[in-house]
Amino acid sequence: MTSPHAALPIPEAGILELRETVRGFDREQLLWSSGYLAGLANAAEAPRGAVASATTPDPDAWTILYATETGNSRRIAESLAQRASESNVKAKLEDLTNVRPRLLSRLERAVFVVATHGLGDPPEGTEAFFEFWHRDDAPRLEGLEYSVLALGDSSYADFCEIGRRLDTRLTELGATRIAARVDCDVDFDDDADRWSSAVLDRARRDSDIAAPARTVLRAVPSAVSRSHPFASRLLANQRITGPGSSKDVRHIELDLASSGLRYLPGDSLGVIPENPPALVDAVLKATGIDGGTTVRLDDDSVPLAEALRAHREITALSRPLVDKLAARRPAVSAILDDRDRLRELFRMHQVIDLLSEWPARWGAQELVDALRKLPPRLYSIASSPDANPDEAHLTVAVVEYERFGRLHWGAASNFLAAGGHAIPVYVEANEQFRLPADPDTPIVMIGAGTGIAPYRAFVEHRREHGHRGDNWLIFGDRNFASDFLYQLEWLRYRKEGTLARIDVAFSRDGSEKVYVQHRIVEQARRLHDWLERGAHLYVCGDAERMAGDVNDALLRVLEQEAGLSPERSIERLAELKAGGRYRRDVY
Amino acid sequence: MATTESPVEKIKAHSDYLRGTIVASLADAASGGLADDDTQLSKFHGFYQQDDRDVRADRARRKLEPAYSFMIRVRVPGGIATPEQWRTLTEIAKSHANHSLRLTTRQAVQLHGVIKRDLKATIRGINDSLLDTIAACGDVNRNVMCSPLAELSGVHERAFEVAAAISEHLTPRTRAYHEIWLDGDKVAGGADQEPIYGSTYLPRKFKIAVAIPPQNDVDIFAQDLGFIAIERRGELSGFNVSVGGGLGMSHGEPDTYPRAAEVIGYCAADRAVEVAEQVVALQRDYGDRSNRKHARLKYTIDDRGIDWFKRELAARLGFRLEEARPFRFLRRGDSIGWVRDHRGAWNLTLFVPQGRVIDSDEHRLMSGLAEISKAHCGDLRLTPNQNLIVAGIPDRARIGTLLDEFGIAELQAVSPMRQLALACVALPTCPLAMAEAERYLPELGAKIDELLAKSGLADEPISLRVSGCPNGCSRPYLAEIALVGKAPGRYNLFLGGSADGRRLNSLVEENIDEARALARLDRLFSEFANRRREAETFGDYAQRSVVESS
Ligand code: SRM
Ligand SMILES: Cc1cc2nc3c(=O)[nH]c(=O)nc-3n(C[C@H](O)[C@H](O)[C@H](O)COP(=O)(O)OP(=O)(O)OC[C@H]3O[C@@H](n4cnc5c(N)ncnc54)[C@H](O)[C@@H]3O)c2cc1C
Ligand SMILES: Cc1cc2nc3c(=O)[nH]c(=O)nc-3n(C[C@H](O)[C@H](O)[C@H](O)COP(=O)(O)O)c2cc1C
Ligand code: SF4
């Protein structure tokens, strides 16, 4: 494989080593180091050309920039880079969390693979790039040719928002679109392929080199992947919330023996679910179609019931269905025009609600085509691979609730909780959420609900390896008596000294609602001391509320304890983030 | 005898007069329990850490710690409480505990199910009502018992005063209790003193009761130290002193055993406090601090002999006890129903099933008693047998109406056997329970009632006591029939205690289930009905026909 960093003067391994060395440096240290290296360079009297090539982009090269949070965009970008090199197209891969926004001004050819997260937000760590280019005074980009692949999830009202906005903005700034933007839903494989081919065609024409006639054998993925999951056996399925709890949270243990799967604490497991049989029945009933009717799925023909059970998303609502319905029902089409109502529609409704509330005559094939492919779900792995060889543990909140007089389920969580099946899984690495390289570095783990899962892996791992860094858990949920997930284990860890401290916040126990952010502020002094000792901060769990509230609380800690101005606190937190000392995994 | 101190001794010694790390334990929100050492010290403050044993295994599977809560024992010396105090307890039971009050076999009240974060408010609420919890448990003198119906003769009033004085005199002096629960100021280092107990307190619990013959409702022979009131010309002259009673034992450990107290002499009424202090001091100095299963006064006496004990006590007192006076006990238990005292006021002894004051589907005992306590201007008295006396009632009719209204009157219609029957708390709260007791007694009682009726013994006042384990909190070893828990659904059967509570019963069958126990009793009841001697009690009959003949 040709390195995507071929244009660089240092081999890829060298760059990785360098990055490892400076991991954990704050901004000041990084700047100082760059000066130090520059000094070394002068001393070595490096040939000018070599240095210049590192900083001046090759005008012929295509730069592939990606913005990812859960890895999909990166994988697509990597595969594009691979195909480019196989086609003798010069290409360079860049992660938007690492590049300075202005880099774009110096490029002539850029293609973007960008995901949308949060509620229409950029992926973690790429905010600065997008903010810069959306500013009113952003520089013009007349010389740039580009294309955008937008990743998203059409069950969100702000579908592919970041990719769309980027596309519009680049045109506004004078750049030239060389291939139409493609918006991908969660079943992005085919769309991504189509877009990649379009971009490559254009690049090949451009580079004046005829596409080599050789057929490149794409490596058959021998390893387990999203498209080739491993059928794991369920070893344990234990409810871990108390009988009185408002939530059903399961501790799941899966057998990975002989899968060849490897993971590290911080990674997630992808689960390919099947829909609840009762929901399949409900959809058939609501549409009045016979489940035995044959429908086409790609190259396959299967009975409709089978398609709904294993191949199509029938829980979370997605855009195509809404569009189809809007074509027939003015009431729905009115919603499409009203962003707030649309958001509300996606937030509160599942497929079955639409089918029931706006009954329509559906053909079997038509229905299947209006539904998207059933996408995998990610679950943070809650175990250390070294403490539990051949196993992966998950902490799964079972989605089941009543609304509009109907029971609703979540596909994957119920699939796991129902047990008994072989569970198709793959590993989704998350380099953004790793234990510190230094075993002595203290860590503060902040999480709510199932956000506690990766911390179980962290602490288990550090304990297994005898790491001596202090571990501090700050956990929140609803009720102490029933919702303190893995309480026995945490208390045991504290007793034996593996956990230095546990702070808990239960929102529904007292008259006042207490959340993790309140504990953070209460413990401001201590938290600041830990930061001074080089602690890494982790935040995991709810993206909608907790992540933001925790961020605010951390700012307050910095203002209060480090005496920083509000602006400086924001900068300081950004520095911590950039230095890998403030990491988030929120969903 | 081992010479190393028991672990609890170390905890006490390092506790800084019972403080330990209780304050930190209370502040730790990650656990509903206390640090291990603090669970020992908490007892001195009047509460026990418990967990709901019905859900223990299930919670462990869910990776949750046990459902910890606390049992708080409220000390009520001599069992006398005001109506206001009763109402406060009812309120606290509803707001902070499991909506029940549990009357105990020592005239105290227990709250169950108080969670950690409510402990402080609960204990403070109890103290605000001028009751307290200090020394309700722990290695100190416990609630001092006294026959509760003081008005039945002139003697009783003085006897109660003596009980109260002993209780007061033997209350620990540490400021830790005030400091932790009532936000008292911290005393400067070293200012705490325990003139009687010293910094390691007693080797084990210590129990005192005052009995007034002919009623042995306090079960004087179960007590470490007993004062038996002696009357002369209608006045209290003094007390016979009994020592060395105690019932706890462990299955399969013959070195542990129940022991009935023995009477060692007589002292004048105004010497009782002094005697109590010196007996306590003697036990403090000679009690076994290495083995908690061998640390009660009964073992100190058996190890060194009663003569040694008497000599040592006389030396400490500076005088010898006089010759014991003659006395006679006729009954135990409480006389359920109305009785008029020497001043002409009415007193009502209410039968409280298993001592559990609750509102249930059948009755609203808890609400009813709260209502009565509003209407009532006398006082309320806890009996030594888990019942309640409404004392000094001027207007009988008003109370009667309330009893009917709340379904309490109906509860009173039980057989004499049921009136006397006792069961300890056991499951689900007691951590030591091996079998059911409180929750089982109603069912067992009904079955035994049937057997008695079959043999024409329905009105026979036979004492039945059930304990969930051999510790004997319902004083089973002094019952005519006792079941002592061994395992779920399995009990040891004891027979042959005397009706006056002086003679211990004996183990006759081990590890049997209900069917076997009932079959045995059925046979014995019919034999007893046919062969009993003139005025012979069931306990005496069982003693001669089963225990002594085997
Ligand atoms: C509530 C009560 C039983 C009742 O149903 O009324 C009771 C309940 C308990 N007793 Fe008792 N004892 C109670 C009277 C007795 C008696 C009877 C008496 O004192 O007249 C005895 C037998 C007399 C004696 O002390 O010898 C008694 C002998 C014990 C023992 C055995 C002591 C021994 O020397 O071996 C224990 C266990 C221990 O101390 O290790 C014990 C321990 C306990 C504990 C605290 C269990 C524990 O240590 O964790 C029980 C709490 C259960 C719960 O959930 O409430 N309890 N306990 C009585 C409270 C009395 C009070 O108000 O202070
Ligand atoms: C990186 C990452 C890590 C994750 N880690 C974990 C983890 O460790 N544990 C975990 O449990 N989950 C985790 N998740 C979430 C998980 O992937 C699933 O989204 C979640 O389990 C729901 O999936 P489902 O298939 O059961 O529900 P779906 O079939 O996807 O249905 C969910 C839909 O139901 C609707 N819905 C759900 N709840 C309600 C409600 N209360 N009111 C109204 N509508 C509602 C919404 O429309 C929602 O889209 C993680 C997600 C990511 C991205
Ligand atoms: C917490 C969370 C929030 C998301 N919010 C949106 C959204 O607002 N709009 C959208 O189109 N997609 C949203 N998505 C879907 C992602 O964009 C989609 O899963 C994509 O494939 C992720 O790409 P990545 O792996 O490169 O990060 C969200 C996904 C997650 C996990
Ligand atoms: S006898 Fe045993 S089971 Fe019953 S309350 Fe006492 S200690 Fe608990």
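Check the entry above for the structure.
Ideal coordination angles are 109.5 degrees for a metal with four donors arranged tetrahedrally and 90 or 180 degrees for a metal with six donors arranged octahedrally. In this structure the iron atom of ligand 1 is ligated by exactly one protein donor, Cys473(B) (SG), at 2.2 Å. On the secondary structure map, Cys473(B) appears in the loop between strand S17 (464-467) and strand S18 (481-487).

Attention shifts here to helix H10 (residues 297-304) of chain B. All names here are of chain B. If you check which residues of H10 are buried, you get Leu 297, Lys 298, Tyr 299, Thr 300 and Ile 301. In this structure, the buried side of H10 is in contact with strand S9 (235-243), strand S10 (262-268), helix H9 (272-286) and helix H11 (306-317). Gly 305 occupies a position one or two residues after H10 and carries a positive phi of about 95°.

Moving on: the sheet that holds strand S6 (residues 145-146) of chain B. Residues and elements named next belong to chain B. Read across the open sheet, the five strands follow the order S6-S7-S8-S9-S10; overall the sheet is mixed. Each end of this open sheet is capped by a strand with a single partner; those strands are S6 and S10. In the sheet, strand S7 (residues 208-211) pairs with strand S8 (residues 225-232) via four bridges, with the strands oriented parallel. Paired with Val 210 across the two strands is Phe 227, which belongs to S8.

All right, on to the site of ligand 2 then. Residue and element names in this part refer to chain A. The immediate surroundings of ligand 2 are formed by 23 residues, with Thr 315, Arg 377, Leu 378, Ala 412 and Ser 413 found nearest. Here an oxygen atom of ligand 2 sits 2.9 Å away from a polar atom, N or O, in the side chain of Gln 350. Note that an oxygen atom of ligand 2 is positioned 2.9 Å from one of the backbone N or O atoms of Ala 397. In the complex, the protein chains occlude 76% of the 970 Å² of accessible area that ligand 2 would expose alone. Those elements giving two or more residues to the shell around ligand 2 turn out to be strand S12 (377-380), strand S13 (391-397), strand S14 (400-403) and helix H15 (411-418).

Across the boundary between the two partners, chain A contributes 21 residues, which contact 15 residues of chain B. Surface buried jointly by chain A and chain B totals about 1500 Å² across both partners, of which 52% is contributed by carbon and sulfur atoms. In this assembly, chain A and chain B are joined by four salt bridges. The salt bridge partner of Arg117(B) is Asp509(A), with a shortest N-O separation of 3.9 Å. If you look at where chain A meets chain B, you find eight residue pairs in polar contact (both at pLDDT 80 or more). The residue makeup of the side of chain A that touches chain B, split by class, is ten nonpolar, six polar and five charged.

Analysis parameters
Residues numbered from 1 in each chain as written. Chains lettered and ligands numbered in written order. Predicted model: local features only at pLDDT ≥ 70, side-chain atom pairs only at ≥ 80, totals over all residues. Heavy atoms only, no water. Donors = N, O, S within 2.8 Å, 3.2 Å for Na, K, Ca; no water. Helix = DSSP H or I, 4+ residues; strand = E, 2+ residues; numbered from the N terminus. Buried < 20%, exposed > 50% of the residue type's maximum accessible area, 1.4 Å probe, protein only. Contact = heavy atoms within 4.5 Å. Pairing = 2+ DSSP bridges. Near = heavy atom within 4 Å. Polar contact = N/O pair within 3.5 Å; in protein donor to acceptor, adjacent residues only side chain to side chain. Areas by Shrake-Rupley, 256 points an atom, 1.4 Å probe, with all protein chains shown as cover. Buried area = accessible area lost by both parts, 1.4 Å probe. Salt bridge = Lys/Arg side-chain N within 4 Å of Asp/Glu carboxyl O. Nonpolar A, V, L, I, M, F, W, Y, C, P; charged D, E, K, R; others polar.

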